[in-house]
Amino acid sequence: MSRLVVISNRVDVPKARGVAGAQGGLSGALNSALKQNRGIWFGWSGEDVEEFTGHLHFQRHDGVTTATVDLATQDVEEYYNGYANSTLWPLFHYRIDLTEYEREFGVGYERVNENFASSVLPLIDQDDMVWVHDYHLIPLGERLRSKGLKNRMGFFLHTPWPPTRLLVSLPFHERLVDAMLHYDLIGFQCDEWLESFLHYCRKELGADVNEQTGEVTLNGHTSIARAYPIGIDYDHFMSKGETGEAKQAQQRLLSSTRHRLAMIGVDRLDYSKGLPERIDGIGRFFDTYPDRVRELIYIQIAPPSREGIGSYQDIRSLLEQKTGQINGARSEVDIVPIRYVNKGQSQEELFGFYRASKIGLVTPLRDGMNLVAKEYVAAQDPEDPGVLILSRFAGAAQQLQDALLVNPHSPDDVAHNIRIALDMPLAERKERWERMHQSVKEENVQRWTQNFTNDLAAVAPSVQ
Ligand code: G6P
């Protein structure tokens, strides 16, 4: 079996835990992927220094070797806060209103990808498979090829891929996608993002696209593009549920809600997660069904994210303001209807909180997949499962059709479905949950890793 070299911006190194937090889907998933294959994980240390040196920090933890580099302060500004998270992230989440197109962001992005390529190249052996992750590192494969790397290379995008009409607003969009086509295998979370990608390649690059096989041929090189829906590390997550910490968290939540039903949301504090819109939906529920206000308590866990970026600071104040307004209007001396917790929680605690909550509210405006939805399902009591309310615009909706699927932009739709969830009979809850649970259990992260790496191993080496 070939060794796997995984490359991503965020690496789950013990020292940087709490940076990505328990809610960043990518790093947890990759940790599990790497445990299956002996191999290494390369990326950013999370630290910044005055100048980039390329010095590698090695750590070995839990069977996984990580090699990380520090970025220059300017890199963090132009590449991480800049091109990755102020240009590509909003654009890929259909938010061209928030997308910034600064020339120096693009320059910083190219520079960091070039530096990453030079730093990781000496770590790659002849028979290794290289697997690059996410929008931070789209041109990395092309950079590695230009340095003579001949290994099989795959790329997986954890976010959505935007429709062609939005993507063309990006200056030099052709260059970005052209660089992406240097990978041999390109994975997306669901069919919708894959279709948009194939459409772009045909329409804007004039590539030869085979919709059936996902083969995209440009300038004599063929890449294969496919959907590989990511899953959770089911067994690992379930083992968290057995711990005293999980059971305590469950009890803590249950006793503090005092016979009211708990509804939960767990999200990185990101505008793509639809948090203010969700609070509007809850407000609409309270307005429409005033006699039911006392039945429900909403718990929002939202650890701050990417705090160096203005749009993230804005979403945080908007959320605080909206939560404050509803709590001001709807609280009684003995009850506050919305609890807003700003810090990340351990997986054990999250398991307990999910288990104690009879409704899981996952309503991103756009999301590559969303693993919170899957964790919520996994954590339910089979004899008395809760109801998942899920945005139809999350990649997870393709697999979790038995959730109550909502339009997160519509407060009426969210309010209406909260009402349906509250009144859903046990038999229906069980029926829906069983089907969702089966998919979450079977289509887990091990299956995802295996599907992707098997396909990567099977592609004909593109460079002889
Ligand atoms: C999303 C992205 C990941 C990222 C994570 C946390 O899941 O797809 O690439 O690591 O958010 O964001 P952060 O900026 O803290 O790495």
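Since the structure is predicted, the reported quantities are computational estimates derived from the model, not experimental observations. (Residues numbered from 1 in each chain as written. Predicted model: local features only at pLDDT ≥ 70, side-chain atom pairs only at ≥ 80, totals over all residues.)

A. Quick look at the overall build of the chain. Scanning the chain for helices and strands turns up 16 helices and 16 strands. Relative to the globule expectation of 23 Å for 464 residues, the C-alpha radius of gyration of the chain, 22 Å, shows essentially globular dimensions. Once the C-alpha set of the chain is aligned to its principal axes, its extents read approximately 70 × 45 × 40 Å. Residues counted as buried form 51% of the 464 residues belonging to the chain. A separation threshold of at least 6 residues defines the contact pool for the chain, and within that pool the share at least 24 residues apart is 77%. (Helix = DSSP H or I, 4+ residues; strand = E, 2+ residues; numbered from the N terminus. Rg over C-alpha atoms; globule rule 2.2 N^0.38 Å. Buried ≥ 20, exposed ≤ 12 C-beta atoms within 10 Å, placed from the backbone. Contact = placed C-beta atoms within 7 Å.)

B. Structural view of the domain arrangement of the chain. Here the domain parsing of the chain yields domain 1 (4-231 + 445-458) and domain 2 (234-442). Averaged C-alpha coordinates put domain 1 and domain 2 at centres separated by 30 Å. Facing 24 residues of domain 1, the contacting portion of domain 2 comprises 26 residues. The element best represented in the side of domain 1 that touches domain 2 is helix H2 (residues 73-92), accounting for three residues. Tallied by class, residues from the side of domain 1 that touches domain 2 come to seven nonpolar, 14 polar and three charged. (Domains from an automatic or database assignment. Nonpolar A, V, L, I, M, F, W, Y, C, P; charged D, E, K, R; others polar.)

C. Focus on helix H8 (residues 234-241). Turning to H8, its buried residues are Tyr234, Phe237 and Lys240. Each buried residue of H8 lies within a common arc of 120° when the element is viewed along its axis, so the set occupies one face. Along its buried surface, H8 packs onto helix H9 (244-257), helix H12 (347-356), helix H13 (371-378) and helix H15 (426-442). (Arc of directions from axis to C-beta.)

D. Geometry of the pairing of strand S10 (residues 221-227). Two strands pair when backbone bridges link them, and strand S7 (residues 185-188) and S10 are joined in this way by four bridges, in the parallel orientation. Following the sheet pairing, Phe188 is matched in S10 by Ala227. When strand S9 (residues 215-218) meets S10, the two strands line up antiparallel, connected through four bridges. When the bridges of S10 are listed, Glu215 appears paired with Ile224. Counting the residues that bridge the hairpin from S9 to S10 gives two residues, and of these Asn219 lies at a positive phi of roughly 50°. (Pairing = 2+ DSSP bridges.)

E. Quick peek at the packing of H2 against helix H3 (residues 103-120). It is the contact of H2 with H3, at a shortest axis distance of 8 Å, that shows an interaxial angle of 110°. In terms of orientation, H2 lies roughly perpendicular with respect to H3. On H3, the residues that touch Gln74, Asp75, Glu78, Tyr79, Gly82, Tyr83, Ala84, Ser86 and Thr87 of H2 are Glu104, Phe105, Gly106, Val107, Gly108, Tyr109, Arg111 and Val112. Within the contact of H2 with H3, the residues separate by chemical class into seven nonpolar, six polar and four charged. (Axes fitted to C-alpha atoms, helices over the stretch in contact; angles between N-to-C directions. Parallel < 35°, antiparallel > 145°, perpendicular 65-115°, else oblique.)

F. Seen up close, the nonpolar core. Ala373, Leu388, Ile389 and Leu390 are the most contacted members of the largest nonpolar core, which has 134 residues in total. No other element matches H2, which puts nine residues into this core. Sequence-distant contacts of Leu390, defined by excluding residues within four places in its chain, comprise Val362, Ala373, Ala396, Ala397, Leu400, Ala403 and Leu405. (Core = buried A, V, L, I, M, F, W, Y, C linked by C-beta atoms within 7 Å.)

G. Region of the structure containing the confidence of the model for the chain. Taken residue by residue, the chain gives an average pLDDT of 94. The fraction at 70 or more is 97%. For the stretch residues 16-23, pLDDT sits under 50, and the model shows 20 contacts to residues farther than four places along the chain or on other chains. (pLDDT = per-residue confidence, 0-100.)

H. Broad picture of the sheet that holds strand S13 (residues 338-341). With parallel pairing, the six strands of this open sheet are ordered in space as S13-S12-S11-S14-S15-S16. The outermost strands of the open sheet, each flanked by one partner alone, are S13 and strand S16 (404-406). Going across the sheet, the axis of each strand differs from the next one's by a mean of 20°, ignoring polarity. Where strand S11 (residues 261-266) meets strand S14 (residues 359-362), two bridges bridge the pair, whose relative direction is parallel. Its bridge partner lying in S14, Met263 is registered against Ile359.

I. Expanded view of the environment of Val120. Within the secondary structure layout, Val120 lies in helix H3. Considered as a pair, Val120 and Ala302 are 182 residues apart in the sequence and their alpha carbons are 34 Å apart.

J. Expanded view of unusual backbone geometry. A positive phi angle, near 60°, is found at Phe172, a position not held by glycine. Tracing the backbone shows Phe172 in the loop between helix H5 (164-167) and helix H6 (173-180). For Asn219, which is not a glycine, the phi torsion comes out positive at approximately 50°.

K. A look at the pairing of S9. The pairing of strand S8 (residues 208-210) with S9 spans three bridges and is antiparallel. Bridging from a neighbouring strand, Asn210 pairs with Glu215 of S9. Remark: four residues form the turn of the hairpin made by S8 and S9, two consecutive strands paired antiparallel; Gly214 in that turn has positive phi of roughly 80°.

L. View of the sheet that holds strand S3 (residues 57-61). Here we have 10 strands laid out as an open sheet, ordered S3-S4-S2-S1-S5-S6-S7-S10-S9-S8, and mixed in their pairing. Both outer strands of the open sheet, S3 and S8, are each paired with one neighbouring strand and no more. Adjacent strand axes in the sheet meet at a mean angle of 20° when their direction is disregarded. By the bridge criterion, five bridges tie strand S1 (residues 4-10) to strand S5 (residues 129-133) in an arrangement that is parallel. Bridge pairing in S5 links Val6 to Trp131.

M. Quick peek at helix H16 (residues 445-458). Here H16 is 14 residues long and its end C-alpha atoms lie 20 Å apart, about the 20 Å a rise of 1.5 Å per residue gives. All of the buried residues in H16 are Val445, Trp448, Thr449, Phe452, Thr453 and Leu456. Down the axis of H16, the buried set is contained in an arc of 110°. They therefore lie on one face. The exposed set on the far side of H16, more than 90 degrees from its buried face, consists of Asn454 and Ala458. (Expected span 1.5 Å × (residues − 1).)

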